[in-house]
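Observations on chain architecture
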There are 2 protein chains.
Amino acid sequence: MRLLVIGGVAAGLSAAARARRLDRSLEIVVLEKGPVISYSACGLPYYVEGRVVSARELIHYTPEAFARERNVAVRTGAKVVSISHPRREVSLDTGERVHYDRLVIATGARPDITGIRGAELPHVFTLHTLDDAERLKRFLGDRRPRRGAVVGAGYIGLEAADVLRRCGVAVTVFEQSAYALGRDDGELTDFIRRHLEAFRVELRTHTRVSAIQEDRVDDVPCEIVVLAPGLRPNVEIAAEAGVELGPTGAIRVDERTMTNLSGVFAAGDCAQTAHLLTGRPVYIPLGTTANKMGRVAGANAAGAHERFPGVVGTSIVKIFGLGVATTGFSALQARREGFSPVTARIDAYSRPRYFWGKPTTVELVADRQSGRLLGGTVIGEEGAAGRIDVIAAALHNRMRADEFEQMDLAYAPPFAPVWDPLLVCAQQLLKNL
Amino acid sequence: MRLLVIGGVAAGLSAAARARRLDRSLEIVVLEKGPVISYSACGLPYYVEGRVVSARELIHYTPEAFARERNVAVRTGAKVVSISHPRREVSLDTGERVHYDRLVIATGARPDITGIRGAELPHVFTLHTLDDAERLKRFLGDRRPRRGAVVGAGYIGLEAADVLRRCGVAVTVFEQSAYALGRDDGELTDFIRRHLEAFRVELRTHTRVSAIQEDRVDDVPCEIVVLAPGLRPNVEIAAEAGVELGPTGAIRVDERTMTNLSGVFAAGDCAQTAHLLTGRPVYIPLGTTANKMGRVAGANAAGAHERFPGVVGTSIVKIFGLGVATTGFSALQARREGFSPVTARIDAYSRPRYFWGKPTTVELVADRQSGRLLGGTVIGEEGAAGRIDVIAAALHNRMRADEFEQMDLAYAPPFAPVWDPLLVCAQQLLKNL
């Protein structure tokens, strides 16, 4: 019995490792098209910036180490070009065919740069693979550009802006939508805009970039461009093989990460999942979700019956020292999903002011009918990750605002004020409800 | 209609403020026996140490400011010596009587130094009031003691040891039980012991101190002693007036913070509350709980119908740079409460190692039968507060370990590893269950 895994990064390797743990006798083969496996894509900006000195630090496993420790065959440079499910085999670009009994598709995603002319110019980069990061870092070191542009104000775009700025590049960020971070929240976007401006980074929303010139983007002269559009799931070979896609354009899977084809699972950035607040399919490609889905896919491919119920949409990014974290829905998103959102937003401190607390902004969104929390935002130099995770836990448990307000959270002056900003915001929310 | 509040610190002032907000016409009088109101007792160690420069920074409100902003009469130096409920009045030590229609008892607690001879010696201190802190700070500055002892290894005792050590005092901590932090957890105590030893602080458990000598405690020569025994609720005047106490020795209240006497509420360190994992009464005097209970007492005293359901027992303390946080039950406590505890303990990092993550230890306790989480511990230089709060949120919602493991927590390299230590520990716990 052979389990074949297409893709050797987060979801694929999680699947292989978990399947091996549950079934010692299964033959497991991982095919990765790139030259390396198991690297932290989220660490790339910090390698470009220099905080991470060697790209090797971002690689958790070499193919040899993973193969040895997990007893899994790992092949890099193995590019799958088609799947024939009736024959239970995949074809590589070399013409080689590889048989499978069970298949995990973990083909990931790619920056969606279709429709941007000039993307292939030598001063234009994406920040998706180790190779991308190496190229970008070399260019920054060799050319020392002074003016740059970033296309896309999602988290990768804002991290790229941060990196470029630290490398001495004046930056303009172009975003086609009205909002930063892919979150329909005007106040959050304004907050981010002001924060970026304090570091001399301009954010231009409502600005679609369809072409990169050699010396400028739009009217902004620049010597370097980073493209950080949204991610597009790598679903082509799956779709051609008859794997169903969902309304998000990513692979449709059930709670067990099974596709419509028997014995074929999909996980990670190529697959959609469910939003736990609505049950509806969403495409939110993140490393954490990829790892969790991969684990479940691997377990089920090895014969277990595990579930990955979905996500609440938690994310965090550090932008010029400031943690910006969101989970669940913004008010606008909540309204679109059919809720009647009520919000509260407060400015507080991460710790008592006498203990040098840092400004912390919290927003909570709840549904007027049920009183249930629907989402939240936490912004601050410290404590944003822990606080957003508490809101995420509340969303997972469908907590009402009045229940949330009475939570027994940790307090001591080095960590939090006696009324945590989360609880202060919940009190305000209860007044507004 | 007059609401009388006995006690002008956390619970008392929260009650007064909330009652005023809900009822503009109520007459509200706060009687505080001490010279100041509204100070952060938890900030006292940091004032002694010098990080907080002026004691004034620890005071949120002067009596005048609170009276003016909230339209509440505040009397300091007003010591209530008895309550006559049939007459609806309290007597002060001056003989004066003060009428009430509704009463909130927020008399707090005191360090339980009964049974320690020599507690009144001039080199012996507690760390409970601003006055205590002023005295201790002066003594440290004037005498520059070199050897000291702390009696009690609860959070105040360990904070005091930290402060003394920073002031150049070699410290021995005496604890009568087998455990530090009042948590029946041998591993946690060992961890704390080793951490203290790294800073040349000795922790002697199983050592009851019944007398302080002028120049030593037990066989340890010392020039300064801080007594940090447990807190004892100030219930005497309430009990004499017929207010029922609970099995914990603190005032028995229902979910509405009502005592057995009609129109008489109690909140804060003088009252017990319920443990949400068992529904049983507990006495866990903390500022956060005092504030929340006080708010509910004030609301209900003003005619509302609010509930304070209870606590899960969350706390955190910083000891020589290390955050030590616990919530719910340790395995031993869980067993005593009738559960079948299963634990998992993992060592991980607060962030990816390539992003300079700090060692982080997480322990989770779950019930074998139900799979529900019962408690947790997080220890680390960073992220302990946020992570313990996530576990606390899980306890509030009676989450099972398998649900916890799939939570959608925030990830980015500056904040957390892709598998958060909480989730890694939950995975281990599921294997052990």
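Counting starts from 1 at the beginning of each chain's written sequence and moves along it residue by residue. To label them, take the chains in the order written and letter them from A, then take the ligands in the order written and number them from 1. Only residues with pLDDT of at least 70 are given local features in this predicted model, and only at 80 or more are side-chain atom pairs given and counted; all residues enter the totals for whole chains, interfaces and linings. For the side-chain quantities, the full set of heavy atoms in the structure was used; hydrogens and water were omitted.

Looking now at the overall build of chain A. Strands are runs of DSSP state E lasting at least 2 residues, helices are runs of H or I lasting at least 4, and numbering of each runs from the N terminus. From N to C terminus, chain A includes 12 helices and 24 strands. The size measure is the radius of gyration over C-alpha atoms, and the globule rule it meets is 2.2 Å times the number of residues to the 0.38 power. Since a compact globule built from 433 residues should have a radius of gyration of about 22 Å, the 23 Å found for chain A is in line with a globular shape. For chain A, the spread of C-alpha atoms along the principal axes amounts to about 65 × 55 × 40 Å. Burial classes follow relative accessibility: with a 1.4 Å probe on protein chains only, a residue under 20% of its type's maximum area counts as buried, one over 50% as exposed, and anything between as partly exposed. In chain A, which comprises 433 residues, the proportion classed as buried is 60%. What makes two residues a contact is simply this: any of their non-hydrogen atoms within 4.5 Å. Of the contacts formed within chain A by residues at least 6 apart in sequence, a portion of 64% connects residues at least 24 apart. Positive and negative side-chain charges of chain A, numbering 54 and 50 respectively, have mean locations separated by a distance of 2 Å. Positive charges are assigned to Lys and Arg, negative charges to Asp and Glu, while His and the chain termini are left out of the count. A single reference atom marks each charge: NZ on Lys, CZ on Arg, CG on Asp, CD on Glu.

Below, the discussion takes up the relation of the copies chain B and chain A. Each of the two chain copies goes to the other by way of a rotation about an axis and a shift along it. All copies are superposed by least squares; the fitting set is the C-alpha atoms of residues with a pLDDT of at least 70 in both. Expressed as a screw operation, the relation of chain B to chain A combines 0.0 Å of axial shift with a rotation of 180°, fitting to an RMSD of 0.0 Å. The transformation just described matches what one would write down for a two-fold rotation axis. Minimal C-alpha distance to the rotation axis in chain B is attained by G386 of chain B, lying at 1.8 Å. The overlap is high: 100% of the interface residues of chain B also sit at the interface in chain A, so the same surface is used on both sides.

Residue and element names in this part refer to chain B. DSSP calls a pair of strands paired once it identifies at least 2 bridges connecting them. Sheet architecture is open: five strands sit in the order β3-β2-β1-β7-β17, paired in parallel fashion. Edge positions in the sheet fall to β3 (73-75) and β17 (264-266), since each has one partner strand and no second. Shown here is a sheet whose adjacent strand axes are inclined to one another by a mean of 15°, direction ignored. Here the axes come from fitting lines to C-alpha atoms, over the contacting stretch only for helices, and the angles between their N-to-C directions go from 0 to 180 degrees. Each of β1 (2-6), β2 (27-31) and β7 (102-105) touches helix α1 (residues 10-22); the most contacted strand, β2, lies at about 170° to it. Helix-sheet contacts for helix α8 (residues 287-301) involve β1, β7 and β17, and the interaxial angle to β17 is about 170°.

Moving on to helix α5 (residues 155-166) of chain A. Helix span, expected: 1.5 Å multiplied by one less than the number of residues in the helix. Taking 1.5 Å of rise per residue, the 12 residues of α5 of chain A would be expected to cover 16 Å, and the 17 Å separating its terminal C-alpha atoms lies within 8% of that figure. Count one or two residues on from α5 of chain A and you reach G168 of chain A, which has phi positive near 85°.

Turning our attention to the packing of aromatic side chains. The geometry of an aromatic ring pair comes down to the distance between the two centres and the angle between the two planes. Side-chain rings of Phe, Tyr and Trp, where Trp is taken by its six-membered ring, are said to pair if the distance between their centres is within 6.5 Å; with planes under 30 degrees apart they count as stacked, over 60 as edge-to-face, and otherwise as tilted. In total, this model carries 11 aromatic pairs over all chains according to the counting rule given. A ring pair is formed by F355 of chain A and Y46 of chain B, whose centres lie 4.8 Å apart and whose planes are at 90°; its orientation type is edge-to-face. Pair noted here: F355 of chain A is in the loop between β22 (341-349) and β23 (359-367) and Y46 of chain B is in helix α2 (residues 44-49), and the two residues belong to different chains. With respect to burial, F355 of chain A and Y46 of chain B carry one shared label: buried. Chaining the aromatic ring pairs together yields one cluster made of Y46 of chain A together with F355 and W356 of chain B. Across the ring face of Y47 of chain A, the terminal group of K137 of chain A is positioned such that the distance to the ring centre comes to 4.9 Å. Any Lys NZ or Arg CZ found within 6 Å of a ring centre and within 35 degrees of that ring's normal is scored as a charge over the ring.

All names here are of chain B. Among the residues making up helix α3 (residues 63-70), those that are buried are P63, A65, F66 and R70. Down the axis of α3, the sector holding all buried residues measures 165°, keeping them to one side. Turned more than 90 degrees from where α3 packs its buried face, E64 and R68 sit exposed. The inward-facing, buried residues of α3 contact α1 and β3. After α3 finishes, the residue N71 shows a positive phi value of roughly 55°. Working definition: the arc comes from the directions between the helix axis and the C-beta atoms, pointing outward to the latter.

In this structure, R2 of chain A sits in strand β1 (residues 2-6). A distance of 3.1 Å separates a polar atom in the side chain of R2 of chain A from a polar atom in the side chain of E27 of chain A. Between N or O atoms, a polar contact is any pair within 3.5 Å; within protein, one atom must be a potential hydrogen donor and the other a potential acceptor, and residues adjacent in sequence are included only when both atoms are from side chains.

Let us look at the sheet that holds β22 of chain A. All names here are of chain A. Spatially, the five strands line up as an open sheet ordered β20-β21-β24-β23-β22, and their pairing is antiparallel. On the outer flanks of this sheet lie β20 (315-319) and β22, each paired with one strand and no other. Averaged over neighbouring strand pairs, the angle between their axes works out to 10° when direction is ignored. Sitting on the sheet, helix α6 (residues 186-198) is in contact with β20, β21 (322-328), β22, β23 and β24 (373-380), with an inclination near 165° to β21.

This part is about the interface of chain B and chain A. Of the residues lining the interface, 56 residues belong to chain B; the matching set on chain A comes to 58 residues. As a working definition, buried area equals the accessible area (1.4 Å probe) given up by two parts on being put together, with both sides summed. Across the chain B/chain A interface, buried area totals approximately 5300 Å², and carbon plus sulfur atoms make up 64% of it. Only one rule defines a salt bridge in this text: a Lys or Arg side-chain nitrogen within 4 Å of an Asp or Glu carboxyl oxygen. Here chain B is connected to chain A by two salt bridges. Inspection of the region where chain B meets chain A yields 19 residue pairs in polar contact (both at pLDDT 80 or more). The set of elements that each furnish at least two residues to the side of chain B that touches chain A consists of α8, β20 (315-319), α10 (384-396) and α12 (421-432) of chain B.

Let's shift gears to empty space enclosed by the protein. Computed over the protein atoms alone on a 1 Å grid, cavities are sets of points where a 1.4 Å probe fits but cannot get out and pockets are open sets with protein on both sides within 12 Å along at least five of seven lines; a residue lines them when it has an atom within 4 Å of a point. Grid points are joined across faces, edges and corners, and a volume is the space filled by probe spheres set on the points. Counted by the stated rule, this structure contains eight cavities of 30 Å³ or more. Of the voids in this model, the largest cavity is the one considered here, and its volume is about 120 Å³. Around the largest cavity, the lining residues are C42, Y155, E159, L286, G287, T288, T314, S315 and I316 of chain A together with Y411, A412 and P413 of chain B. Taken together, the elements giving at least two residues each to the lining of the largest cavity come down to α5, α8 (287-301) and β20 of chain A. Three residue categories are used. Nonpolar comprises Ala, Val, Leu, Ile, Met, Phe, Trp, Tyr, Cys and Pro, charged comprises Asp, Glu, Lys and Arg, and polar comprises the others, including Gly. Residue composition of the lining of the largest cavity, by class: seven nonpolar, four polar and one charged.

Another aspect to go through is the pairing of strand β21 (residues 322-328) of chain B. Residue and element names in this part refer to chain B. With respect to burial, β21 is a largely interior element, seven of its seven residues being buried. Sheet analysis places β20 next to β21, joined by five bridges and oriented antiparallel. Within β21, the position partnered with I319 by the bridge is L322. The antiparallel hairpin formed by β20 and β21 contains two residues in its connecting segment, where F320 sits at a positive phi of about 50°. Taken together, the six bridges between β21 and strand β24 (residues 373-380) define a ladder with antiparallel strand orientation.

Before going further, it helps to examine the environment of A238 of chain B. Residues and elements named next belong to chain B. Considering the arrangement of structural elements, one finds A238 in helix α7 (residues 236-240). Each C-alpha atom of the pair A238 and Y349 lies 49 Å from the other, and the pair is 111 residues apart in sequence. Sequence-distant contacts of A238, that is, excluding residues within four places in its chain, are made with I83, I105, V243 and I251.

Quick look at the pattern of salt bridges now. Residues and elements named next belong to chain A. For the structure shown, the criterion picks out 48 salt bridges over all chains. Between R400 and E403 there is a salt bridge whose closest N-O contact spans 3.4 Å. Classification of R400 by relative accessible area gives partly exposed; the value is 30%. Judged by its relative accessible area of 32%, E403 is partly exposed. Within this structure, E49, R51, D162 and R166 form a network of salt bridges that share partners.

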